[in-house]
Each structure stands twice: as structure tokens, then as C-alpha cells.
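# A look at the structure
The chain contents come next:
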Amino acid sequence: MDERIQMWLEGELKEFSADFKKFNEKVTKMSYLWMVISVVGLPAIGFLSGGDVVSVLKMNFPVGCGIALFIWLCFWFQKKRASEKRVRPGYEKAIAAAFTSEEEKKAFVRQIESGSFGKIIFMNTMYDKYPCRFMAGSEYLMFNRDLYCRFIRVADIEDIYCKEEKTRIRYNLGDYRVMQNMTTGISLVIEYKEGSASENARKQDSLYLDNGKQAEAVFNLIRKYCPGLDI
């Protein structure tokens, strides 16, 4: 690996470590919050529905405690499965795949040494095990979401747009079985110029985002640091 890219990687991993710590703190706070809501909310519902103290303590309170325990176990397993040790190999693999020529290495080094780039971090604790990082620069875009890391050369990009991700849910409405499409998030889709090195490797890339607000933040970063892209 190029020495200058190695130095950038060390700094990037140090930043990632700090973000990962904040991410886990947020996960912990969320788990405690939902546990409190379960333990307090279920008995409250019991009292509001006319239950007496004995019935609420025998039924609603144990159910609330059971749900709280389940929530704690879910967040605990999520934290146990995530490890900082798994982050570096993802970056190294992406760097090896992206910078195969001296020209590509020089272009990325030119970007990081000039400081012509910006970063944004998303803490999607409900879906991800790691903080999501996105970088936009004059030469390269980079995103890392749940250990999936990709470097994208700006010169190879033909178009960038958003696509709503939907899932179909089914439920009963009276005597009828209803199907409905529900938006689950937004994907940032990147298409490549025909004949470019990126297009030869894959037709497009996509980055899943939680909502339109995150997508707009990404677009604003691209507009600022990649003025040559028409988005």
C-alpha cells in the first residue's frame, strides 16, 4: 500500500474508532430508553384500561419486563457482533480494489493532501452495527456502511440519483386481505460512464440511506466538493 494512503487510513481508522464509540453509546441509551418504556408503559396501559393493582402486577408488569429483557438481548447481541477489528480489513480490501495503478493512487493522494474533500457520518442504530461514513472529494467518493467499503472515482460517474426502497406488507382489514407498498428507505444510486474502469467492473453502485434528510446531506456534500457532477 502507498505510504501516503497508509497514513490516511490510520487517521481514518482513528476517526472511525471515535465514531464507533459514540455509536455504541447511542445504542446503549436507546436500549435503556425502550426498556423503561416497556416496563412503565405496559402497566400504565393496564391501569388506563381499568385494571386493578393486582391484575396489573400479575399480567402487565411481567410482560413489560419480558419485553424489556428481549430488547436488552437484541441490543446486546448487536454490540457483541460488531468489532473494530473487522473494520480495517474492509478498508484495505476496498483500497486494493480501487487503486490498482499509480495514476489512481496519485489522484487519491492529491485529494487528501489538498484537503478538497468533506465527510459525513450517519448513526443508523436501528439498522446498522457500525456508523456509516461518506466522503466526497474532487477525485473520489468513498462510503463505508456495515463493513461494505467502496471508493468511486468521480471522473467515472455518469449520473447520481435517489431511488426509494419499498417493501410489500400484507395485513387483514376486516374480512379482506390487503397488500400495501411501504417505503423503507432511500438508495443513492451511482451509474458509471460507458467504457470507464468502474463501469467495466460493475454497472452501478448504491448506498442505502435511512431517509430523505440523509440523502439531501449527501447531495449537498457532493455539490460542494464535486462541482463537475451535474446533480
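Chains are numbered independently. Their residues run from 1 in the order of the written sequence. This being a predicted model, a pLDDT of at least 70 is required before a residue's local features are given, and a value of 80 or more before pairs of side-chain atoms are given or counted; all residues contribute to the totals for chains, interfaces and linings. Side-chain numbers come from the whole structure's heavy atoms, not from hydrogens or water.

Buried Ala, Val, Leu, Ile, Met, Phe, Trp, Tyr and Cys residues form a nonpolar core when they are joined through side-chain atoms within 4.5 Å. Only protein chains enter the accessibility calculation, which uses a 1.4 Å probe. A residue is then buried if its area is under 20% of the maximum for its type, exposed if over 50%, and partly exposed in between. One finds F134, L141, I160, L188 and I222 to be the most contacted residues of the largest nonpolar core, which totals 24 residues. Breaking this core down by element, the ones donating at least two residues are β1 (117-122), β2 (132-137), β3 (140-145), β5 (157-173), β6 (176-192), β7 (204-209) and α6 (212-225). Helix numbering and strand numbering both begin at the N terminus, where a helix is a DSSP run of H or I of at least 4 residues and a strand a DSSP run of E of at least 2. Per-element accounting of this core gives the leading share, 5 residues, to α6. If sequence neighbours within four positions are ignored, F134 has contacts with G118, K119, I120, L141, M142, F143, L188, L207, V218, L221 and I222. Counting 22 residues, the second-largest nonpolar core is a separate cluster that includes V87, I95, F99 and I112. The contact definition used throughout considers only heavy atoms, calling two residues in contact when any of these lie within 4.5 Å.

If DSSP finds at least two bridges between two strands, the strands pair. The 4 strands lie next to each other as β1-β2-β3-β4, forming an open sheet whose pairing is antiparallel. With one partner strand each, in any of the chains shown, β1 and β4 (148-153) form the two edges of the open sheet. Neighbour-to-neighbour, the strand axes of this sheet turn through a mean angle of 10 degrees, independent of strand direction. Structural elements are reduced to axes, namely lines fitted to C-alpha atoms, with helices fitted over the stretch in contact, and the angle between N-to-C directions of any two is expressed from 0 to 180 degrees. Sitting on the sheet, helix α3 (residues 87-98) touches β2, β3 and β4, and the angle it makes with β4 is about 25 degrees.

Looking now at α6. In a helix, the anticipated span is given by 1.5 Å times the number of residues less one. With 14 residues, α6 extends 20 Å from end C-alpha to end C-alpha; this agrees with the ideal 20 Å at 1.5 Å per step. Restricting attention to buried positions, one finds in α6 the residues Q214, A215, V218, F219, L221 and I222. Mapping the buried residues of α6 onto a view down its axis gives an arc of 160 degrees, with all of them on the same face. Of the residues in α6, the exposed ones pointing more than 90 degrees away from the buried face are K213 and K224. Polar contact criterion, stated in full: a pair of N or O atoms within 3.5 Å, where within protein one must be able to donate a hydrogen and the other to accept it, and residues adjacent in sequence count only if both atoms are side-chain atoms. One side-chain oxygen of the residue at the start of α6 lies 3.1 Å from the amide nitrogen of K213, identifying that residue as N211. The arc refers to the directions leading from the helix axis to the C-beta atoms.

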